[in-house]
Amino acid sequence: MTSGNGGRALLLGIDMGTARTAVVSNRQYRALVSSVVGYPRDIIGVKILNRTQVIGSEAIEMRSCLDLHYPLQDGVLKEASDKDLEAAQELLKHIIALSGPKPGDKICGIIGVPARASVSNKGQLLKIAGELMDIAMVVSEPFMVAYGLNTLNNAIVIDVGAGTIDLCALRGTVPGAENQLSILKGGNYIDRLLEAAIRDAYAGVQIDRYLAQAIKEQYAFVGEPQQRVVVPLRVNGKPAEVDVTDAVRVTCETIVVDIVENIKRMLPLFDPENQSAALANLILAGGGSRIRGLGAMIESQLRDYGQVKVTTVEDPEFAGADGALRLAMELPPEYWDQIGEKVGQ
Ligand SMILES: Nc1ncnc2c1ncn2[C@@H]1O[C@H](COP(=O)(O)OP(=O)(O)OP(=O)(O)O)[C@@H](O)[C@H]1O
Ligand SMILES: [Mg+2]
């Protein structure tokens, strides 16, 4: 594909999340980067790192000498300080550079963000994106997931992210704010609860949110345990095998009731004759969709509503970015303003 000015178009699908940002390009580039920018705390950090900033998982590994900035928090772009906005721009710049633009390329990107950000601070994000790309559009991530699956009618996407759980009702049009709901309880919330639950259950155990997150990502489940979850931790500095089965189960289950209640709240948006179709088309996405048993538990808690089917996307890490790229490839950038607000031309 060539762009209007004779240069080639580099099309990017980007899913900018609280925890991770995925990027895919029309030249088959794919990457997943932790959504964090670290700035050295002092001169020692600069000396150790030999850089003034570190982006992605390396920043988390080197966190002892860095101030970490996560550009998105609670489903919106953080605007607390200039450093936060700068971090958002640095992150975006980094992933664009990773995708390998060539001189003369026209860079056109569709950026999926949590549903709340797509409604509340889209303008700020567009401004940042507009300075880095020739054409950019910001859309809600659950809509991108739906677009990628070609499920644009009579369906509900439930995106269990790190900062928020976003629900989006697909009713055959581009969903506006009235078709989206956000719950401020995502994976980060579970991590905090799990950290506290393990600390409360075992006196002297050493646990922090990163360790809790790692345990969750390996063992997360809801419902009856298939096996005990026993992990090596340190108690008062001494290695110990700790049974965290109940802590993992209870904390992961905290999100189920919110998801179910919000599905019920969304149902009346569909015409009565379409509600059973929507319930047979619940799509679970986002990193939290990997919690074992989550789909089955949602189905069972909705059994009074007739036939309910929850389908989990195959590739939760890339489903949003792939959908964004698909849209970018199917709809020429000149027409993006028919879907949402765009900057550039
Ligand atoms: N196997 C797993 N089991 C449970 N949770 C997981 C698993 N893998 C990843 N997660 C969690 O999923 C979350 C990241 O998912 P995702 O990449 O969809 O979030 P995000 O897009 O960064 O966040 P948001 O959409 O809220 O901005 C993190 O909380 C992570 O711990
Ligand atoms: Mg997300």
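Residues numbered from 1 in each chain as written. Chains lettered and ligands numbered in written order. Predicted model: local features only at pLDDT ≥ 70, side-chain atom pairs only at ≥ 80, totals over all residues. Heavy atoms only, no water.

Colleague: Explanation requested: the nonpolar core in the structure shown.
Modeller: The nonpolar side chains of soluble globular proteins are, as a tendency, buried together. In terms of nonpolar packing, the biggest core is built from 45 residues, with Ile158, Leu167, Ile198, Ile215, Ile263, Leu282 and Ile298 touching the most fellow members. If one sorts the elements of this core by residue count, helix H10 (residues 256-266) sits on top with five residues. Sequence-distant contacts of Ile263, defined by excluding residues within four places in its chain, comprise Ile156, Ile158, Leu167, Leu279, Leu282, Ile298 and Leu302. (Core = buried A, V, L, I, M, F, W, Y, C linked by side-chain atoms within 4.5 Å. Buried < 20%, exposed > 50% of the residue type's maximum accessible area, 1.4 Å probe, protein only. Helix = DSSP H or I, 4+ residues; strand = E, 2+ residues; numbered from the N terminus. Contact = heavy atoms within 4.5 Å.)

Colleague: I keep staring at the sheet that holds strand E14 (residues 205-206) and nothing clicks. Help me out?
Modeller: To summarise the sheet geometry, strands pair through backbone hydrogen bonds and adopt either a parallel or an antiparallel arrangement. Strand order in the open sheet formed by three strands is E14-E15-E16, with antiparallel pairing between adjacent strands. The open sheet has two free edges, formed respectively by E14 and strand E16 (238-243), since each of these has just one partner strand. Two elements, strand E15 (residues 230-235) and E16, share six bridges in a ladder whose sense is antiparallel. Residue pairing for E16: Arg234 is matched across the bridge by Pro239. (Pairing = 2+ DSSP bridges.)

Colleague: Got a minute to help me understand the pairing of strand E12 (residues 165-171) in this structure?
Modeller: Put simply, side chains in a regular strand alternate between the two faces of the sheet. A large share of E12 lies buried, amounting to six of its seven residues. Hairpin connection, strand E11 (residues 153-160) to E12: the antiparallel pair is bridged by four residues. Two elements, E12 and strand E13 (residues 180-183), share four bridges in a ladder whose sense is antiparallel. Note on E13: the bridge partner recorded for Ile165 is Ile183.

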